[in-house]
Amino acid sequence: MTDLSAQTSATEFWEARYRDTGRVWSGRPNELLVREASGLAPGTALDLGCGEGADAVWLAARGWRVTGVDISGTALERAAGHAADAGVGDRVAWERHELGRSFPEGSFDLVSAHYLQSPVPLDQQTVLREAARAVAGGGTLLLVLHAGWPSWQTEPPFDAVFPTLDGVFAELALPEGEWAVETKETVRRPSTSPEGVEGFREDHVWRLRRA
């Protein structure tokens, strides 16, 4: 296993991740976003760790006004291009933040964070608490995190501590009586290795509604 904590900064790590390759992600929205947000009435949305923008574009195409946030300027440039190509460039604002150090201003009807897990230091607890505070009254917090390595990953590429359903819920420290739990479950989905080995990966999902 590799210790990546010696990277000079999270910004440099993620900028290199995008800058030194072509498209990193598929361009399709995360399946669990589609499952959990399809029934929500459009409003304002905050997409944390938006990457190349697939989730933000999907939301914007369904009537949301979206703020997409990422640490990488290269990722945000690609995201803006994706939004323009999809005809929703005027419905998405892009902001560069190193979450844990800075955070978008305002409140939102939907705050969505998928896979805010990093091989370099990230104050995940602080970020998720800030995400909850950014949800407007009557709004939704949607969190999705990997629950472990894929079944075919026999030698993890770096050290990682994976969350538990109850552990993250407790770390959010939500005011009692202010939130309703609409989804709290572990989802298993198919996963295929780069070499074609078939297997599965499990994700934890939390969808919470603010009173």
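Conventions and cut-offs
Residues numbered from 1 in each chain as written. Predicted model: local features only at pLDDT ≥ 70, side-chain atom pairs only at ≥ 80, totals over all residues. Heavy atoms only, no water. Helix = DSSP H or I, 4+ residues; strand = E, 2+ residues; numbered from the N terminus. Contact = heavy atoms within 4.5 Å. Buried < 20%, exposed > 50% of the residue type's maximum accessible area, 1.4 Å probe, protein only. Pairing = 2+ DSSP bridges. Right-handed = clockwise from strand over helix to strand, strands pointing away. Lys, Arg positive; Asp, Glu negative; His and termini not counted. Salt bridge = Lys/Arg side-chain N within 4 Å of Asp/Glu carboxyl O. Phe/Tyr/Trp six-rings, centres within 6.5 Å; stacked < 30°, edge-to-face > 60°. Lys NZ or Arg CZ within 6 Å of the ring centre and 35° of its normal. Axes fitted to C-alpha atoms, helices over the stretch in contact; angles between N-to-C directions. UniProt positions renumbered as here; feature names shortened; annotations may be inferred.

K.L.:
So what exactly am I meant to see when it comes to the environment of L122 here?
P.N.:
Here L122 is to be found in the loop between strand 4 (108-114) and helix 5 (124-133). Separated by 21 residues in the primary sequence, L122 and R101 have C-alpha atoms spaced 9.6 Å apart. Excluding anything up to four places from it in sequence, L122 contacts L99, L116, Q117 and V127.

K.L.:
Could you clarify how one ought to interpret the pairing of strand 4 in this entry?
P.N.:
On a regular strand, one side chain projects to one face of the sheet and the next to the other, so that they alternate. The element strand 4 is largely enclosed, with a buried count of six among its seven residues. Alignment of strand 1 (residues 44-48) against strand 4, held across four bridges, turns out to be parallel. Counted as the bridge partner of A45 is L110 from strand 4. The sheet contact formed by strand 4 and strand 5 (residues 135-146) spans six bridges and is parallel. The residue bridging V111 from the neighbouring strand is L141, located in strand 5. In the classification by handedness, the crossover that spans strand 4, the intervening helix 5 and the parallel strand 5 is right-handed.

K.L.:
Just checking my understanding: could you explain the side chain of E15 for this structure?
P.N.:
In this fold, E15 is placed in helix 1 (residues 10-19). No salt bridge is formed by the buried E15; the nearest opposite charge belongs to R96, separated by 4.2 Å. Not counting chain neighbours up to four residues away, the residues in contact with E15 comprise S72, G73, T74 and R96.

K.L.:
Sorry if this is basic, but what is going on with the packing of aromatic side chains here?
P.N.:
Two aromatic rings are characterised by how far apart their centres lie and by the angle between their planes. All told, the structure shown has two aromatic pairs when counted by the stated rule. Between the aromatic rings of F13 and W14, the centroid separation amounts to 5.0 Å while the plane-to-plane angle is 90 degrees, which identifies the pairing as edge-to-face. What makes F13 buried here is its relative accessible area of 16%. Directly above the ring of F169 sits K184, whose terminal nitrogen or CZ lies 4.9 Å from the centroid.

K.L.:
In this structure, what is going on with the sheet that holds strand 7 (residues 198-210)? I would like to understand it.
P.N.:
Two pairing modes exist for strands in a sheet, parallel and antiparallel, and in both the strands are linked by backbone hydrogen bonds. Read from one edge to the other, the open sheet built from seven strands follows the order 3-2-1-4-5-7-6, with strand pairing classed as mixed. Two strands close off the open sheet at either side, each with one partner strand: strand 3 (92-96) and strand 6 (179-192). When strand polarity is set aside, the average angle formed by the axes of neighbouring strands in this sheet is 15 degrees. Along the sheet face, helix 5 touches strand 1, strand 4, strand 5, strand 6 and strand 7 and points at about 150 degrees away from the line of strand 5. Contacting strand 5, strand 6 and strand 7, helix 6 (residues 165-172) crosses the sheet at an angle of about 30 degrees to strand 7.

K.L.:
Would you mind showing me how to read the UniProt feature "domain: Methyltransferase" (unreviewed entry) in the protein chain here?
P.N.:
When the UniProt feature table is mapped onto this chain, "domain: Methyltransferase" (unreviewed entry) is found at residues 46-139. With 33% helix and 28% strand, residues 46-139 has end C-alpha atoms that lie 11 Å from one another.

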